[in-house]
Amino acid sequence: MGKQAPPEHPSSGTHTAPVSAPGHIHLLHPGPHPLPKPEMFKEQHEVTNLGAPQHSGPVMSTVVHVPTDTVVPDHVVWSLFNTLFFNYCCLGFVAFAYSVKSRDRKMVGDVIGAQSFASTARCLNIATLVLGILMTIGLIVLMSLVLPLYTQALAQGMGNRRGY
């Protein structure tokens, strides 16, 4: 008896089919040529659509030069940080308002007004940051000094009540 080859996967490149001949011998012969995979059609289609370049002239580009005079930092992010985390005496909120005014002036094209508001926002941000850091350090020191005294006084008060 003859051997029969296992059928190949339909997506493989070659396809052979068993054919029975007289005498029960199975011969393999190449079957019809399989169609190319869809990816190959897609690649060929893209290549034919692209074609050759339309012209071989120089490539034109545009460069926009922004003068350094109009670049004014508005300190909005710094002001927002100070508003959220170090808003002592509402200085962070006022600095944020001046930063937004500076950004508005910059969008309108008023460079001098934008610089003025940005300078004020910067000074307020510095004051807010310094006050915030000093007050945070002061609060930590105060809590580290007062908390032990408070717990000691509380312990003495509880000891006096046991004497009844």
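Just so we're clear, the structure is a prediction, and the values are computed from it rather than from any experiment.

Calculation criteria
Residues numbered from 1 in each chain as written. Predicted model: local features only at pLDDT ≥ 70, side-chain atom pairs only at ≥ 80, totals over all residues. Heavy atoms only, no water. Buried < 20%, exposed > 50% of the residue type's maximum accessible area, 1.4 Å probe, protein only. Helix = DSSP H or I, 4+ residues; strand = E, 2+ residues; numbered from the N terminus. Arc of directions from axis to C-beta. Phe/Tyr/Trp six-rings, centres within 6.5 Å; stacked < 30°, edge-to-face > 60°. Salt bridge = Lys/Arg side-chain N within 4 Å of Asp/Glu carboxyl O. Polar contact = N/O pair within 3.5 Å; in protein donor to acceptor, adjacent residues only side chain to side chain. Axes fitted to C-alpha atoms, helices over the stretch in contact; angles between N-to-C directions. Parallel < 35°, antiparallel > 145°, perpendicular 65-115°, else oblique. Left-handed = near helix turned anticlockwise from the far one by under 90°. Contact = heavy atoms within 4.5 Å. Nonpolar A, V, L, I, M, F, W, Y, C, P; charged D, E, K, R; others polar. pLDDT = per-residue confidence, 0-100.

The next point concerns helix α2 (residues 76–85). Among the residues of α2, Val76, Ser79, Asn82 and Thr83 are the ones counted as buried. The buried side chains of α2 occupy one side of the element, clustering within an arc of 125 degrees when seen end-on. Relative to its buried face, α2 has exposed residues pointing more than 90 degrees away, namely Val77, Leu84 and Phe85.

Right, let's get into the packing of aromatic side chains. Applying the stated rule across the entire model yields 3 aromatic pairs. Between phenylalanine 81 and phenylalanine 86, the aromatic rings sit 5.9 Å apart at their centres with planes inclined by 75 degrees, giving edge-to-face as the arrangement. With relative accessibility at 38%, the residue phenylalanine 81 sits in the partly exposed group. Using a relative accessible area of 14% as the deciding quantity, one classes phenylalanine 86 as buried.

Turning our attention to the pattern of salt bridges. Evaluated as defined, the whole model comprises 3 salt bridges. Salt-bridge contacts for arginine 103 lead to aspartate 74; the nearest nitrogen and oxygen are separated by 2.7 Å. Note that arginine 103 is positioned in helix α3 (residues 91–108) and aspartate 74 in the loop between α1 (38–50) and α2, a separation of 29 residues in sequence. Aspartate 110 is the partner of arginine 105 in a salt bridge, and the nearest nitrogen-oxygen pair spans 3.5 Å. Under the relative-accessibility criterion, arginine 105 is labelled partly exposed at 30%. For aspartate 110, a relative accessible area of 29% translates into the label partly exposed. When salt bridges with common partners are traced through the structure, they connect Asp74, Arg103 and Lys106 into a single cluster.

As for its placement among the helices and strands, serine 79 is situated in helix α2. Of the residues examined, serine 79 reaches a relative accessible area of 0% and is grouped as buried. Within the local environment of serine 79, its side chain forms a polar contact with the backbone oxygen of alanine 95, the two atoms lying 3.4 Å apart. At a separation of 2.8 Å, a polar atom in the side chain of serine 79 contacts the side chain of asparagine 125.

We now examine the packing of α3 against helix α4 (residues 111–161). Relative orientation of the contacting elements α3 and α4 amounts to 160 degrees, with a least axis distance of 8 Å. Relative to α4, α3 is oriented roughly antiparallel. Seen from above, α3 lies across α4 with left-handed handedness. In this structure, α3 contributes Leu91, Gly92, Val94, Ala95, Tyr98, Ser99, Lys101, Ser102, Arg105 and Lys106 to the contact, and α4 contributes Gly113, Ala114, Phe117, Ala118, Thr120, Ala121, Leu124, Asn125, Ala127, Thr128 and Leu131. Looking at the contact of α3 with α4 residue by residue, the class counts come to 11 nonpolar, 7 polar and 3 charged.

With that out of the way, let us pick up the confidence of the model for the protein. In this model, the protein carries a mean pLDDT of 75, and residues with pLDDT of at least 70 account for 60%. Across residues 9–21, where pLDDT falls below 50, the model places 22 contacts with residues more than four positions away in sequence or in other chains.

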